[in-house]
Amino acid sequence: MIALSQSRLASLSVTALLAVVLSGCAPFGGQTEPEQPADAPPGAGGAATTGNGRVSLLQNLGTDGPLRTLNVAPDGRWECIDCAGDGVTSTGALTDEQRERLQSLLVEPALVKETDEIRGYRVTCIGSLTSSLLTSTGLITSQDCPGEERPPVAEEIMLLLTQNTPAELVGG
């Protein structure tokens with residue numbers, strides 16, 4: 001009975017993460033569809049990504065840890081809400097090179113095969129850092145668990161985001 005309720009709790013945590021993103025949380029003053037410059041190359045901030053090139057990284061440490069949210073706009077601006085678990089919201093911007101790399105990863109065809117739905121992903125570890133990327137291809141979840149392999153394109157996206165923002169790749 002305990003294992004069943006812990007499994008439900010972990011499932012509810014992932015569901016809660018998704019609900020927060022889908023509830024209309026738009027970073028940077030509620031702007032949902034920023035216009036692309038006329039001279040922007042085709043696919044820059046492409047329509048093939050969530051919210052016209054947006055990506056969100058949602059993290060939860062354990063079953064009762066705070067929800068950490070990183071939202072990145074197509075222009076590379078980011079807002080990190082409670083990323084260190086201390087209630088602080090910070091903002092910044094990726095460099096042009098980082099932004100271009102992120103946008104190319106978001107339109108990588110292999111990313112479609114990494115969604116939770118395609119992989120049949122289920123949260124298996126209790127008490128670990130659960131990270132979920134929300135992209136136009138869908139939700140891609142992984143955990144900081146011994147032996148769990150992260151999908152390769154999603155891993156590159158998470159590395160880029162965690163190395164250049166206050167978000168973390170592993171639980172601490």
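Remember, predicted model here, so these are calculated numbers, not experimental data. (Residues numbered from 1 in each chain as written. Predicted model: local features only at pLDDT ≥ 70, side-chain atom pairs only at ≥ 80, totals over all residues. Heavy atoms only, no water.)

Some thoughts on the sheet that holds strand β6 (residues 138–143)
Moving on, step 1. With antiparallel pairing, six strands are arranged side by side in an open sheet as β4-β3-β2-β1-β5-β6. Two strands close off the open sheet at either side, each with one partner strand: β4 (89–93) and β6. Adjacent strand axes in the sheet meet at a mean angle of 15°, parallel and antiparallel pairs treated alike.
Moving on, step 2. Note that strand β3 (residues 77–81) and β4 share five bridges and pair antiparallel. Paired with glutamate 79 across the bridge in β4 is threonine 91.
Moving on, step 3. Against the sheet, helix α4 (residues 152–164) touches β1 (55–61), β2 (67–72), β3, β5 (129–135) and β6, its axis set at about 105° to β5. (Pairing = 2+ DSSP bridges. Helix = DSSP H or I, 4+ residues; strand = E, 2+ residues; numbered from the N terminus. Axes fitted to C-alpha atoms, helices over the stretch in contact; angles between N-to-C directions. Contact = heavy atoms within 4.5 Å.)

Re the nonpolar core
Moving on, step 1. Among the nonpolar cores identified, the biggest contains 21 residues, and Leu70, Val72, Leu102, Leu133, Ile157 and Leu161 are the most heavily contacted of them.
Moving on, step 2. It is α4 that contributes the most residues to this core, six residues altogether.
Moving on, step 3. In this structure leucine 161 touches Val55, Leu57, Leu70, Val72, Leu102 and Leu133, once residues within four positions along its chain are discounted. (Core = buried A, V, L, I, M, F, W, Y, C linked by side-chain atoms within 4.5 Å. Buried < 20%, exposed > 50% of the residue type's maximum accessible area, 1.4 Å probe, protein only.)

Some details on the pattern of salt bridges
Moving on, step 1. In this structure the tally under the stated criterion is six salt bridges.
Moving on, step 2. Across the pair arginine 77 and aspartate 75 runs a salt bridge whose closest N-O atoms are separated by 2.8 Å.
Moving on, step 3. Overall, the relative accessible area of 31% leaves arginine 77 in the partly exposed class.
Moving on, step 4. A salt bridge links arginine 150 to glutamate 155; the nearest nitrogen and oxygen atoms lie 3.7 Å apart. (Salt bridge = Lys/Arg side-chain N within 4 Å of Asp/Glu carboxyl O.)

Some thoughts on helix α2 (residues 96–106)
Moving on, step 1. All buried positions along α2 are accounted for by Gln98, Arg99, Leu102, Gln103, Leu105 and Leu106. Take α2 and look down its axis: the buried residues cluster within an arc of 160°, on one side only. Exposed positions of α2 whose direction lies more than 90 degrees from the buried face are Asp96 and Glu97.
Moving on, step 2. Where α2 is buried, its residues meet β1, β2, β5 and α4. (Arc of directions from axis to C-beta.)

A few points about the state of the cysteines
A covalent bond between the sulfur atoms of two cysteines is referred to as a disulfide.
Moving on, step 1. Scanning the model with the defined rule gives two disulfides in all.
Moving on, step 2. With a sulfur-sulfur separation of 1.5 Å, cysteine 80 is cross-linked through a disulfide to cysteine 83. Looking along the S-S bond of the cysteine 80-cysteine 83 disulfide, the torsion reads about -90°, which is the left-handed sense.
Moving on, step 3. Taking the relative accessible area as the measure of exposure, cysteine 80 reaches 1% and is therefore buried.
Moving on, step 4. With a sulfur-sulfur separation of 2.0 Å, cysteine 125 is cross-linked through a disulfide to cysteine 145. (Disulfide = S-S within 2.5 Å.)

Let's talk about the confidence of the model for the chain
Moving on, step 1. The predicted model of the chain averages 76 in pLDDT, with 69% of residues at 70 or higher.
Moving on, step 2. Across the chain, α2 holds the top mean pLDDT of 97, while helix α1 (residues 2–22) sits lowest at 41.
Moving on, step 3. The low-confidence segment residues 1–49 (pLDDT under 50) makes 62 contacts with residues lying over four places distant or belonging to another chain. (pLDDT = per-residue confidence, 0-100.)

A short note on the packing of α2 against α4
Moving on, step 1. As a packed pair, α2 and α4 sit with axes 10 Å apart at the nearest point and diverge in direction by 155°. Judged on the interaxial angle alone, α4 and α2 are roughly antiparallel. Crossing geometry of α2 relative to α4 is assigned as left-handed. Touching Gln98, Arg101, Leu102, Leu105 and Leu106 of α2 are Val153, Glu156, Ile157, Leu160, Leu161 and Asn164, all from α4.
Moving on, step 2. For the contact of α2 with α4, the residue count by class is seven nonpolar, two polar and two charged. (Parallel < 35°, antiparallel > 145°, perpendicular 65-115°, else oblique. Left-handed = near helix turned anticlockwise from the far one by under 90°. Nonpolar A, V, L, I, M, F, W, Y, C, P; charged D, E, K, R; others polar.)

Details of unusual backbone geometry
Moving on, step 1. Residue aspartate 82 is not a glycine yet carries a positive backbone phi of 60°.
Moving on, step 2. By the element assignment, aspartate 82 lies in the loop between β3 and β4.
Moving on, step 3. The class for aspartate 82 is buried, based on a relative accessible area of 11%.

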